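Observations on the model geometry
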Amino acid sequence: ETGVTQTPRHLVMGMTNKKSLKCEQHLGHNAMYWYKQSAKKPLELMFVYNFKEQTENNSVPSRFSPECPNSSHLFLHLHTLQPEDSALYLCASSQVSEEFSGYTFGSGTRLTVV
Amino acid sequence: QQPVQSPQAVILREGEDAVINCSSSKALYSVHWYRQKHGEAPVFLMILLKGGEQKGHEKISASFNEKKQQSSLYLTASQLSYSGTYFCGTGVGNTDKLIFGTGTRLQVFP
């Protein structure tokens, strides 16, 4: 496996379900991110982890709970979601050093809340 | 503050040129350009850090104006493979956080 891998690719869940999105990066990067991409809206930054420490929580509702057990893995735990949470959830990684050189994105998880 | 991209959509014939703009009311630390094809991950194209900078190659290049408030992406002699949605992402100071524009959808037809 190379790059950034996200699973599952598609997820349909009810509002009372609990599910988790998984992201794994094989690039040796030290930072990982969750972005939300909704139709006709810009990519929204949700969470940032540098060296496994959460450095950003961009006013995300508590029904979204991130977890970063090590620098290669990132999870997004979901519970009691709302239909408006349906979107493409993108994970990205980067190497944060003296110069920030950009993200490598995964292909995303298409989430539908019913 | 979210950057403003224009135009929202572009339709081209193969071989035609296009320019996509990304603007902010405040000076930006950096500008990143990404392309996302339908159903795929956004792919990093390039980053610009300095006012007056130009980067890229003859087919796809970008500029950052002197005041660092506008960046333009230039697509020359477009190919079918250029189709996708182009996003600019602006750096939040010297950090790894990016604020993205709403995207420009580019379609190239034979």
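What counts and how
- Residues numbered from 1 in each chain as written.
- Chains lettered and ligands numbered in written order.
- Predicted model: local features only at pLDDT ≥ 70, side-chain atom pairs only at ≥ 80, totals over all residues.
- Heavy atoms only, no water.
- Core = buried A, V, L, I, M, F, W, Y, C linked by side-chain atoms within 4.5 Å.
- Buried < 20%, exposed > 50% of the residue type's maximum accessible area, 1.4 Å probe, protein only.
- Contact = heavy atoms within 4.5 Å.
- Helix = DSSP H or I, 4+ residues; strand = E, 2+ residues; numbered from the N terminus.
- Pairing = 2+ DSSP bridges.
- Axes fitted to C-alpha atoms, helices over the stretch in contact; angles between N-to-C directions.
- Salt bridge = Lys/Arg side-chain N within 4 Å of Asp/Glu carboxyl O.
- Nonpolar A, V, L, I, M, F, W, Y, C, P; charged D, E, K, R; others polar.
- Disulfide = S-S within 2.5 Å.
- pLDDT = per-residue confidence, 0-100.
- 1 Å grid on protein atoms, 1.4 Å probe; cavity = no way out; pocket = protein on both sides within 12 Å on 5 of 7 lines; lining within 4 Å.
- Points joined across faces, edges and corners; volume = space filled by probe spheres on them.

1. Observations concerning the nonpolar core
W34, F64, L76 and L78 of chain A are the most contacted members of the largest nonpolar core, which totals 22 residues. Apart from the residues within four sequence positions on either side, L76 of chain A is in contact with K19, S20, L21, W34, M46, F47, F64, S65, P66 and Y89 of chain A. Listed in part, the 20 residues of the second largest apolar core include V10, I20, C22 and L106 of chain B.

2. Concerning the pairing of strand β11 (residues 109–113) of chain A
Residues and elements named next belong to chain A. Of the two faces of β11, only the one carrying T109, L111 and V113 is buried; R110 and T112 on the other face are not. Here 4 bridges tie strand β2 (residues 10–13) to β11, and the two strands are oriented parallel to one another. Within β11, the position partnered with H10 by the bridge is R110. Note: strand β9 (residues 87–94) against β11, 3 bridges, orientation antiparallel. Bridge pairing links L88 to R110 in β11.

3. A look at the sheet that holds strand β3 (residues 18–25) of chain A
Residue and element names in this part refer to chain A. Across the sheet, 4 strands lie side by side as β1-β3-β8-β7; this open sheet has antiparallel pairing. Edge positions in the sheet fall to β1 (4–7) and β7 (64–70), since each has one partner strand and no second. Averaged over all adjacent pairs, the angle separating strand axes in this sheet is 20°, with direction ignored. The pairing of β1 with β3 spans 4 bridges and is classified as antiparallel. If you follow T7 over to β3, its bridge partner there is K22.

4. Concerning the interface of chain B and chain A
If you look at the interface, chain B gives 19 residues, while chain A gives 24 residues. The interface formed by chain B and chain A contains 0 salt bridges. Tallying contributions element by element places strand β4 (residues 31–36) of chain B first for the side of chain B that touches chain A, with 3 residues. The residue inventory of the side of chain B that touches chain A, partitioned by class, reads 9 nonpolar, 8 polar and 2 charged.

5. Focus: the sheet that holds strand β6 (residues 54–56) of chain B
Residue and element names in this part refer to chain B. If you walk across this open sheet you meet the 5 strands as β1-β3-β8-β7-β6, and the pairing is antiparallel. At either end of the open sheet lies a strand with only one pairing partner, and these are β1 (4–6) and β6. Adjacent strand axes in the sheet meet at a mean angle of 15°, parallel and antiparallel pairs treated alike. Note: strand β7 (residues 60–64) against strand β8 (residues 70–75), 5 bridges, orientation antiparallel.

6. Some points on the state of the cysteines
All names here are of chain A. Applying the stated criterion to the full structure yields 2 disulfides over all chains. A sulfur-sulfur separation of 1.9 Å characterises the disulfide bridge that pairs C23 with C91. Classification of the bridge connecting C23 and C91 rests on its S-S torsion, roughly -75°, and on that basis the disulfide is left-handed. With C23 in strand β3 and C91 in strand β9, this residue pair connects regions lying 68 residues apart in the sequence. Across this residue pair, the class does not change: C23 and C91 are buried.

7. Focus on the confidence of the model for chain A
Per-residue confidence for chain A gives a mean pLDDT of 91; residues scoring 70 or more make up 97%. Looking over chain A, one finds the lowest element-wise mean pLDDT in strand β6 (residues 53–57) of chain A, namely 74, and the highest in β3 of chain A, namely 97.

8. What about the layout of surface pockets?
Where empty space is left can be seen by rolling a probe of water-molecule size over the atoms. Reported here for the largest pocket is a volume of approximately 950 Å³. If you go around the largest pocket, you meet 29 residues; those closest to its centre are Q37 of chain A together with Q36, H38, T85 and F87 of chain B. Secondary-structure elements contributing two or more residues to the lining of the largest pocket are β9 of chain A together with β9 (84–91) and β11 (104–109) of chain B. Here the element with the most residues in the lining of the largest pocket is β11 of chain B; it accounts for 4 residues. In terms of residue class, the lining of the largest pocket is made up of 5 nonpolar, 17 polar and 7 charged. The computed volume of the second largest pocket comes to approximately 270 Å³.

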